[in-house]
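A look at the structure
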Amino acid sequence: PGDIHFLDASHGWIVTDFATYRTTDGGAGWSIMTMPFGQSPIYQEECLAFDTQTRLVCTDGEGAEIWRTTNDRQTWTRTLDYSGVLGVTDLERIPGGGIVATTTAGDLLRSSDDGITWTNTTQVAGPPARSSLSVIDVHPSGIGFAGGWSYNWMATLDGGRNWSTPAFAPGLREIFAITVRD
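Overview of the structure.

Each value, and the rule that gives it
- Residues numbered from 1 in each chain as written.
- Predicted model: local features only at pLDDT ≥ 70, side-chain atom pairs only at ≥ 80, totals over all residues.
- Heavy atoms only, no water.
- Helix = DSSP H or I, 4+ residues; strand = E, 2+ residues; numbered from the N terminus.
- Buried < 20%, exposed > 50% of the residue type's maximum accessible area, 1.4 Å probe, protein only.
- Phe/Tyr/Trp six-rings, centres within 6.5 Å; stacked < 30°, edge-to-face > 60°.
- Pairing = 2+ DSSP bridges.
- Patch = residues over 30% accessible without salt bridge, like charges linked within 9 Å, V, L, I, M, F, W, Y side chains within 5 Å.
- Areas by Shrake-Rupley, 256 points an atom, 1.4 Å probe, with all protein chains shown as cover.
- Salt bridge = Lys/Arg side-chain N within 4 Å of Asp/Glu carboxyl O.
- Axes fitted to C-alpha atoms, helices over the stretch in contact; angles between N-to-C directions.
- Contact = heavy atoms within 4.5 Å.
- Core = buried A, V, L, I, M, F, W, Y, C linked by side-chain atoms within 4.5 Å.

**Regarding unusual backbone geometry**
Located in the positive-phi region is Asp72, a residue other than glycine, with phi close to 55°. You can see Asp72 is positioned in the loop between β7 (64-69) and β8 (77-82). You can call Asp72 buried: its relative accessible area is 13%.

Spelled out as structure tokens, the structure:
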């Protein structure tokens, strides 16, 4: 699976490269869902549900894309078409409002409107000083961290609006998981 996301104790989704599975009974049973993204294979990587009708799905192919449905997959709108990167690697809801996504180019994208529009909060002029970001977590206080490959370590103090590499950043490589508790 590319991602597993539960909305509540009953409703959950699993996305794989070419299929999405849904449960309405807490995972006791799963059914496959068709995804109308066109004729070519789409590599689904991340998903995020707001309710049983509204979801985001991130796909990789000829670049990264984020798709949004508001009618339980009957129609989809592409809200991000980012051909400069290979993919979106993590997608997290920020406590207090907003969504943050990490990319293989080391960008942190933020949406304040449930994934309708996106802003790159880490874009810099010239060659990127980062490589692939793969994980993110933001605490309800607004403090959060993102990490990935090649000494990537970014921090936010304002709920994902601004990111920087802090002076206290550890010299870690290959960060696979981040959890912020307090």
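**Here we look at the packing of aromatic side chains**
Inspection of every chain in the model, using the stated rule, returns 1 aromatic pair. Here Phe6 and Trp30 contribute two aromatic rings whose centre-to-centre distance is 6.1 Å and whose plane-to-plane angle is 80°, an arrangement assigned as edge-to-face. Of this pair, Phe6 sits in strand β1 (residues 3-6) while Trp30 sits in the loop between β3 (20-23) and β4 (31-33), and the two are 24 residues apart along the sequence. Since its relative accessible area comes to 34%, Trp30 is described here as partly exposed.

**Brief notes about the pairing of β7**
Taken across its 6 residues, β7 has 6 buried, putting it largely inside the fold. Side-chain alternation along β7 places Ala64, Ile66 and Arg68 on one buried face and Glu65, Trp67 and Thr69 on a second face that is also buried. Linking two consecutive strands that pair antiparallel, namely strand β6 (residues 55-60) and β7, is a turn of 3 residues; a positive phi of about 140° is found at Gly63 within it. Direction of pairing for β7 relative to β8: antiparallel, over a ladder of 5 bridges.

**Some thoughts on a nonpolar patch on the surface**
A cluster of nonpolar side chains, Ile4, Phe6 and Trp30, forms an exposed patch at the surface whose accessible area comes to about 280 Å². Its relative accessible area of 36% is what places Phe6 among the partly exposed residues.

**Some points on the sheet that holds β8**
The sheet built from 4 strands is open, its strands ordered β5-β6-β7-β8 with antiparallel pairing. The open sheet has two edge strands, β5 (43-49) and β8, and neither has a second partner. For this sheet, the mean inter-axis angle between neighbouring strands, taken without regard to orientation, is 20°. Both β5 and β6 contribute to a ladder of 6 bridges, which runs antiparallel.

**A closer look at the environment of Asp60**
Tracing the sequence through the fold places Asp60 in strand β6. We classify Asp60 as buried; its relative accessible area is 16%. As for Asp60 and Val88, which are separated by 28 residues in sequence, their C-alpha atoms are 7.3 Å apart.

**A short note on the environment of Ile66**
Residue placement: Ile66 occurs in strand β7. Using a relative accessible area of 0% as the deciding quantity, one classes Ile66 as buried. Note: C-alpha distance between Ile66 and Ile116 (50 residues apart in sequence) is 9.4 Å. If near-sequence neighbours (up to four positions away) are discounted, Ile66 is found in contact with Leu56, Val57, Cys58, Thr77, Arg78, Thr79, Leu80, Val88 and Trp118.

**Digging into the nonpolar core**
Counting 15 residues, the largest nonpolar core has Leu56, Ile66, Leu91, Ile99 and Trp118 as its most contacted members. For this core, the secondary structure elements donating two or more residues are β6, β7, β8, β9 (88-93) and β10 (99-103). Grouped together as the second largest cluster of nonpolar side chains are 9 residues, Ile94, Val100, Val138 and Trp163 included.

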